[in-house]
Amino acid sequence: MQPGPYARNGVPVVAIRDLPRPSLQNIHRSAPIIEAAYRRSRVTGNDVLISVKGTTGRVGIVPVGFMGNISRDVARLRLRDEHEPAYWFQMLQSPQAQRTLQQAAVGSTRQELSIGTLKTLSFCCPSRQVQERISAVLSDADQLIEALEQLIVKKQAIKQGMMQHLLTGKTRLPGFNASWRTLEAGDIGTFKGGSGFPIRYQGSVSGRFPFFKVSDMNNSGNELFMSKANNYISDGQRKQMGAVVMPRGAIVFAKVGAAIFLERKRILAQSSCIDNNMAAFILDNSSADIRFVHHVLTNFPLGSLVATGALPSLNGRQLRSIPLTIPADLDEQRAIAAALDDVDNEIGFLRQRLTKARDVKHGMMQQLLTGRTRLPVEEGAA
């Protein structure tokens, strides 16, 4: 349906963004007089939903008790009694079903699945009893995944609160009462821009120095410490191109382009070179702890320093003027960093569990939804 403007206390209208499990919170609502013209597309509990325009193939299921309608980007699948909705919700998310849906979509710039096409698609499925057993097992896996996701969000909120208190001195750790200093980043270190990286030197997977680009921040294992590069160079190559070596422990970040606004700050795990779209903050270790300052910078939006222009960029003057408030006592800096690191480690452990839970569910789907592995069904079940 075409929902029109938001109407308070109106009829809920499910859009792609509301999948996979629509909720009455933060959902668009349509005026009843508008929605009444689209009675045929109304949805109720256990209807299966499929996105059919733009981002095609996203799957959802309507919670029991929910009553509303759907936008034009979503199609409704109302199953006969011999089918279990929760099974179809799971099965349509499987890699095999997703390939079928993607192959059926048409359009180059904006893909679309027509209702007529959806009606012709075939999917293998077992009896309702087996569907119920499979969906129950996969739903249990979903509950574990959702619980881990919620726990990670909770831990991240706890960490954010700790940062707001510990990094500003509002809350002091036991045993510390020395004063804090208000200064600028240039008072405790220097900023250096990266070096040009000619194409003829790129492509080597080994060498004396990693040569990091902004894109290397996406590499698995580089979430905090930059340790895995896509390019390496020898010392001779470094000298030939005049590349500057940044020391181990330098904090690196993007200084040119839209990547600035991603707010990624990393720590070099070893002496490295960085390209000229990046910069490094090299600290005076006698007055500042690397991990403490990294936590502070993580909480500081570098994007706020960027002046409006054709190409976003950061210069040395802007970076040196970043305001900092830090403990004069290095031990207090280290203690605060250790407390925040503990929370980071907990979050990292939960993320590992989440990744494993997702992988396990993916493997279960591959086995159960293809019939490779069969679940026992109670004898005499109707």
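Caption draft 1: Highlighting unusual backbone geometry. Following Leu 19, the chain continues into Pro 20 via a peptide bond in cis, with omega recorded as 15 degrees. Positive phi is not limited to glycine here, since Asn 9 has a value of about 65 degrees. Mapped onto the fold, Asn 9 is located in the segment before strand E1 (11–14). Of note, Glu 263 is a non-glycine position whose phi angle comes to about 55 degrees, a positive value. The topology assignment puts Glu 263 in the loop between strand E12 (251–254) and strand E13 (265–268).

Caption draft 2: Geometry of empty space enclosed by the protein. Tallied over the entire structure, the rule returns one cavity of 30 Å³ or more. Taken as a whole, the largest cavity spans an internal volume of roughly 30 Å³. Residue lining of the largest cavity: Phe 191, Phe 253, Lys 265, Leu 297, Leu 302, Leu 319 and Ile 322, and that is the complete set. When the residues that make up the lining of the largest cavity are grouped by side-chain class, the tally is six nonpolar, no polar and one charged.

Caption draft 3: Here's a closer look at the environment of Tyr 201. By the element assignment, Tyr 201 lies in the loop between strand E8 (189–193) and strand E9 (209–212). Exposure remark for Tyr 201: the relative accessible area of 10% places this residue in the buried category. In the structure, Tyr 201 is positioned 39 residues away from Gln 240 in sequence and 10.0 Å away in space, judged by C-alpha atoms. Not counting the four nearest positions on each side in its chain, Tyr 201 is found in contact with Tyr 232, Ile 233, Gln 237, Gln 240 and Met 241.

Caption draft 4: Quick look at the pattern of salt bridges. One pass over the structure, following the stated rule, counts 19 salt bridges. A salt bridge links Glu 84 to Arg 128, with the nearest nitrogen and oxygen atoms 2.9 Å apart. On the criterion of sequence distance, the pair formed by Glu 84 in the loop between strand E6 (74–77) and helix H2 (85–91) and Arg 128 in helix H5 (residues 128–166) is long-range, its members being 44 residues apart. A salt bridge links Asp 235 to Arg 238; its shortest N-O distance comes to 3.0 Å.

Caption draft 5: Quick peek at the packing of aromatic side chains. What the rule picks out here adds up to five aromatic pairs. Where Trp 180 meets Phe 292, the ring centres are 6.5 Å apart and the plane angle is 75 degrees; that geometry is what we call edge-to-face. Placement of the pair is Trp 180 in strand E7 (residues 180–184) and Phe 292 in helix H7 (residues 290–298), with a sequence separation of 112 residues. Taking relative accessible area as the criterion, Trp 180 reaches 18% and is therefore assigned buried. With a centroid separation of 6.3 Å and an interplanar angle of 70 degrees, the aromatic rings of Phe 191 and Phe 253 are classed as edge-to-face. Note that Phe 191 is positioned in strand E8 and Phe 253 in strand E12, a separation of 62 residues in sequence. On the accessibility criterion, Phe 191 (16% relative accessible area) is buried. On the basis of relative accessible area, Phe 253 is assigned to the buried category, the value being 2%. An aromatic cluster is built from Phe 191, Phe 253 and Phe 281, whose rings are joined through pairwise contacts.

Criteria and cut-off values
- Residues numbered from 1 in each chain as written.
- Predicted model: local features only at pLDDT ≥ 70, side-chain atom pairs only at ≥ 80, totals over all residues.
- Heavy atoms only, no water.
- Helix = DSSP H or I, 4+ residues; strand = E, 2+ residues; numbered from the N terminus.
- 1 Å grid on protein atoms, 1.4 Å probe; cavity = no way out; pocket = protein on both sides within 12 Å on 5 of 7 lines; lining within 4 Å.
- Points joined across faces, edges and corners; volume = space filled by probe spheres on them.
- Nonpolar A, V, L, I, M, F, W, Y, C, P; charged D, E, K, R; others polar.
- Buried < 20%, exposed > 50% of the residue type's maximum accessible area, 1.4 Å probe, protein only.
- Contact = heavy atoms within 4.5 Å.
- Salt bridge = Lys/Arg side-chain N within 4 Å of Asp/Glu carboxyl O.
- Phe/Tyr/Trp six-rings, centres within 6.5 Å; stacked < 30°, edge-to-face > 60°.

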